[in-house]
Amino acid sequence: MINQKLMQIRKLMANRGISAFIVTTSDPHQSEYLADYYKTREFISGFTGSAGTVVITRDEAILWTDGRYFIQAAYELSGSDFELYKMGVPGTMSITEFLLDRVQPGGKIGFDGNCVSYKLYRELLENLDDRMLIGNLDFIDSIWKDRPALPKEKVFIHEIKYTGTSAGRRIEKVREEMETKGVDYYLVSALDDIAYLYCIRGNDISYNPVVFSYAVIEKDRALFFVDLDKLEDDVRDYLDENSIEYREYDEIRNYLSEIPGKSCLLFDPATVNLNTVESVNSNVKLIKSGSIVQNIKAVKNETEINCLKNAYLKDGVALVKFFNWVETGTPTGTVSEVLASKKLLSMREQQSDFIEPSFETIPAYGENAAMPHYSPNPASPVYLKPEGLFLVDSGGQYLDGTTDITRTIALGKLTDDEKKHYTLTLKSHISLASAYFKKGATGYYLDAFARLPLFKYKMDYAHGTGHGVGFFLNVHEGPQSISAVYKDVPIKEGMVVSIEPGLYIDGSHGIRIENIAYVKSIEKNDFGEFLGFEILSIVPIDTRPVIVELLSDEELKWLNDYNKKCYELLSDYLTGSDLMYLEEATKEVIR
């Protein structure tokens, strides 16, 4: 099937004289998660991971993806003509290097400029003649006969009791930043930025409560470009009350083309697509900058932090009940990864203000956990056994916050390696979770705290250590991250981040321990201001796989204190066997 699709694409390429065709994992807003309509890379390659780029030439088909997906991609591409190129691995050609090597001078490179960011386009131009780039080709649409329809879900209001600030105040803060930058217009394309800015939410993308739209802030006007059929009367009244004008989604390019010459338009080139930028009047001065809204929403206010604490409390109740169910049912041989995922969803659905998962649950037993973003196959279910490790990475979207948590639990007898690797992952987690750092430190600096305990054993993991988390928004949120890749973004007080080191042994097992934390001020003294983390997640960390001798006294105290806190916060909400499970899971570990 995949090879047949490649043949169809190559026929279209030949008809247009195209030497290479690029398919990105994106929509017009460069969203991380995609509506089914925009899953073009998955359609053409069969690879279902959330990140990757395809390049098709007349005799090659290549998929680039990162370390989270190497194992999964190799499996899903097998049997097709696609070849996997591993991003970040020494010796692997970049996409640009590949194009330079494969496309002769004068050759044409095609792509859909509706789904390619302006930033990526400019990066391609650094090495390729602009006459080689053809950005108006949607070959996928030509061959995708049963392509899903675009979503038509309604927009709804996110109330101020959750947000803590009004849309009007958020617009004011944006205008203050616009004034300091000397710009007249600010185009917002990232869907989570728009949802935050206007305090609205939608259901256009699974797991992300956003709506396909654009926003433009002028000095005295705020505009919202959206499918007007998605606005019911209460939302229209709300927008009117907040002086937000609403127009049809497709009017954005006409609007941009009418901006007066010599005006200054600011936009984020990483989130605005090429075709939208090219619709702007050529006399308008383009100011390319990071997202103003992203920087504002990354720092949570007091209301948001308090709401998040409540969301994580509810999430903790659901997860304790879930793990009790897993461990009770595993010896019967009837609990599969797929069934476990469904059960966890039902547990979350019992909690107040729950809307949907924040991403697709990863229930990975045994060797499947060696794939950081594993997805079970319902057609060939894997059943849990009373031995080995079970990793569950999951999260929920609640009106009062977005949750994300990973726990790895022992289902029975473990190997020495499983115990050792679990303990080292725990040491890595504690090292960062308990760290103090000076104001101004970046995530690149903090990443070393997590990796050092593993480096001592000549081990590492091929993904970032932490990401920002939205507030009833995208589970992955910038600009902050904790990673070995340098990013000049300080980790600020009020930011919410994940702490999720792991170890993955191909063909054997995988371990990840993830908590979500917010950044708080610890102390100001003669040496400066020191920040640290307060953990939001409230789910016991399994102590059964721990080799106590590998933990320092400080690490052991951190583990016992954390589990004690989990008992104190959760015990009032649990009864019967669930409470007994919590009591057992949070018992003090004694050396």
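Whatever comes next refers back to the structure up there.
Residues numbered from 1 in each chain as written. Predicted model: local features only at pLDDT ≥ 70, side-chain atom pairs only at ≥ 80, totals over all residues. Heavy atoms only, no water.

A.B. asks: Can you lay out the packing of aromatic side chains for me, pointing to particular residues and giving the numbers?
C.D. replies: The relation between two aromatic rings is expressed through the spacing of the ring centres and the mutual angle of the planes. Across all of its chains, the model carries 22 aromatic pairs by this definition. Summarising the aromatic geometry, the rings of Tyr118 and Tyr121 are spaced 6.3 Å apart at their centres and angled 40 degrees between planes, so their arrangement reads as tilted. Of this pair, Tyr118 and Tyr121 both sit in helix α5 (residues 118–125), three residues apart, which is roughly one turn of the helix. Note on accessibility: Tyr118 and Tyr121 belong to one class, buried. (Phe/Tyr/Trp six-rings, centres within 6.5 Å; stacked < 30°, edge-to-face > 60°. Helix = DSSP H or I, 4+ residues; strand = E, 2+ residues; numbered from the N terminus. Buried < 20%, exposed > 50% of the residue type's maximum accessible area, 1.4 Å probe, protein only.)

A.B. asks: Just give me the short version of a negative patch on the surface, but keep the residues and values in it.
C.D. replies: A cluster of acidic residues, Glu232, Asp233, Asp234, Asp237, Asp240 and Glu241, forms a negative patch at the surface. Inspection of the secondary structure puts Asp237 in helix α10 (residues 233–241). Residue classification places Asp237 among the partly exposed positions, given a relative accessible area of 42%. (Patch = residues over 30% accessible without salt bridge, like charges linked within 9 Å, V, L, I, M, F, W, Y side chains within 5 Å. Areas by Shrake-Rupley, 256 points an atom, 1.4 Å probe, with all protein chains shown as cover. Salt bridge = Lys/Arg side-chain N within 4 Å of Asp/Glu carboxyl O. Lys, Arg positive; Asp, Glu negative; His and termini not counted. Charge placed at Lys NZ, Arg CZ, Asp CG, Glu CD.)

A.B. asks: I'd like to hear about the pairing of strand β24 (residues 496–499), residue by residue, with values.
C.D. replies: Going residue by residue along β24, you find Val496 and Ser498 tucked away on one face and Val497 and Ile499 tucked away on the opposite face as well. Summarising the sheet, β24 and strand β27 (residues 515–525) pair through four bridges and their orientation is antiparallel. Directly across from Val496, in β27, lies its bridge partner Tyr518. (Pairing = 2+ DSSP bridges.)

A.B. asks: So what's going on with unusual backbone geometry? Which residues, and what values?
C.D. replies: Look at the link from Gly478 to Pro479: it is a cis peptide, with omega at 5 degrees. For Pro479, the position within the fold is in strand β23 (residues 477–482). One non-glycine residue, Cys199, lies in the positive phi region at around 55 degrees. Turning to its location among the elements, Cys199 is positioned in the loop between α9 (191–198) and β9 (200–201). Phi is positive for Lys262, which is not a glycine, with a value near 70 degrees.

A.B. asks: Give me the sheet that holds strand β16 (residues 362–365): which residues, what numbers.
C.D. replies: Strand order in the open sheet formed by three strands is β16-β17-β20, with antiparallel pairing between adjacent strands. Both edges of this open sheet fall to β16 and β20 (405–410), since each of them pairs with a single strand only. Each strand of the sheet is rotated relative to its neighbour by a mean of 10 degrees, with strand direction disregarded. Across four bridges, β16 lies against strand β17 (residues 389–394) in antiparallel orientation. Residue Tyr365 lies in a different strand from β17, and its bridge partner there is Phe390. (Axes fitted to C-alpha atoms, helices over the stretch in contact; angles between N-to-C directions.)

A.B. asks: Give me the lowdown on the packing of helix α8 (residues 167–181) against α9, citing residues and values where you can.
C.D. replies: Two numbers describe how α8 lies on α9: the axes approach to 7 Å, and their chain directions differ by 120 degrees. By the criterion of interaxial angle, the relationship of α8 to α9 is oblique. Contact residues: α8 offers Ala167, Arg170, Ile171 and Val174, while α9 offers Tyr196, Leu197 and Tyr198. Across the contact of α8 with α9, the residue classes break down as six nonpolar, no polar and one charged. (Parallel < 35°, antiparallel > 145°, perpendicular 65-115°, else oblique. Contact = heavy atoms within 4.5 Å. Nonpolar A, V, L, I, M, F, W, Y, C, P; charged D, E, K, R; others polar.)

A.B. asks: How would you summarise helix α16 (residues 416–433) if you had to cite specific residues and measurements?
C.D. replies: With 18 residues, α16 ought to run about 26 Å at 1.5 Å a step, and its terminal C-alpha atoms sit 26 Å apart, in line with that. With 13 of 18 residues buried, α16 is to be regarded as a mostly interior element. (Expected span 1.5 Å × (residues − 1).)

A.B. asks: Give me the packing of α16 against helix α18 (residues 553–570): which residues, what numbers.
C.D. replies: Packed helices, taken two at a time, are described by the angle between their axes plus the distance between the axes. Contact geometry for α16 and α18: axes closest at 10 Å, N-to-C directions at 85 degrees. The angle between the axes of α16 and α18 places the two elements in the roughly perpendicular class. For the pair α16 and α18, the contacting residues are Leu426, Lys427, His429, Ile430 and Ala433 in the first and Glu555, Trp558 and Leu559 in the second. Broken down by class, the residue content of the contact of α16 with α18 amounts to five nonpolar, one polar and two charged.

A.B. asks: Which residues make up the pattern of salt bridges, and what values do they have?
C.D. replies: Tallied over the full model, the rule gives 33 salt bridges. Two residues, Arg451 and Asp460, come together in a salt bridge whose shortest N-O distance is 2.6 Å. Residue Glu534 is joined to Lys520 by a salt bridge in which the shortest nitrogen-to-oxygen separation is 2.7 Å. Of this pair, Glu534 sits in strand β28 (residues 528–535) while Lys520 is found in strand β27, placing the two residues 14 residues apart along the sequence. Relative accessible area serves as the criterion here: at 28%, Lys520 is assigned to the partly exposed category. Beyond isolated ion pairs, a larger network of salt bridges with shared partners links Glu218, Arg221, Glu245 and Arg247.

A.B. asks: Account for the nonpolar core, with residues named and values stated.
C.D. replies: By size, the foremost hydrophobic cluster in this structure holds 80 residues, and its most contacted members are Tyr198 and Phe224. No other element matches the six residues that α9 contributes to this core. Excluding its chain neighbours within four sequence positions, the residues that come into contact with Phe224 are Ile194, Tyr198, Ile200, Val211, Ser213, Tyr214, Leu231, Leu239, Ile244, Glu245, Tyr246 and Arg247. (Core = buried A, V, L, I, M, F, W, Y, C linked by side-chain atoms within 4.5 Å.)

A.B. asks: Any details on the environment of Val497? Residues and values, ideally.
C.D. replies: For Val497, the position within the fold is in strand β24. Of the residues examined, Val497 reaches a relative accessible area of 0% and is grouped as buried. Taking the C-alpha atoms as reference points, Val497 and Thr65, 432 residues apart in sequence, are found 24 Å from one another. Filtering out sequence-adjacent residues up to four positions away, Val497 remains in contact with His467, Gly468, Gln480, Ile482, Asn515, Ile516, Ala517 and Phe533.

A.B. asks: I'd love a proper account of the layout of surface pockets, names of residues and values included.
C.D. replies: A volume near 650 Å³ is recorded for the second largest pocket. Ile430, Ala433, Ser434, Ala435 and Trp558 are the residues nearest the centre of the second largest pocket, which is lined by 24 residues in total. Mapped onto the lining of the second largest pocket, the elements with two or more residues apiece are α16, α17 (443–455), β27, β28 and α18. Residue contributions to the lining of the second largest pocket peak at seven residues, all from α18. (1 Å grid on protein atoms, 1.4 Å probe; cavity = no way out; pocket = protein on both sides within 12 Å on 5 of 7 lines; lining within 4 Å. Points joined across faces, edges and corners; volume = space filled by probe spheres on them.)

A.B. asks: Describe the pairing of strand β26 (residues 509–512), and please don't skip the residues or the numbers.
C.D. replies: The alternating pattern of β26 places His509 and Ile511 on one face and Gly510 and Arg512 on the opposite face, and all of these are buried. Remark: three residues form the turn of the hairpin made by strand β25 (residues 502–505) and β26, two consecutive strands paired antiparallel; Gly507 in that turn has positive phi of roughly 80 degrees.

A.B. asks: Give me the lowdown on empty space enclosed by the protein, citing residues and values where you can.
C.D. replies: Taken as a whole and judged by the stated rule, the model has three cavities of 30 Å³ or more. Considered as a void within the structure, the largest cavity measures approximately 100 Å³ in volume. Along the walls of the largest cavity sit 13 residues, with Val23, Thr24, Thr40, Asp112 and Cys115 positioned nearest its centre. With three residues, strand β1 (residues 20–23) is the largest single contributor of residues to the lining of the largest cavity. Of the residues contributing to the lining of the largest cavity, the split by class is seven nonpolar, three polar and three charged.

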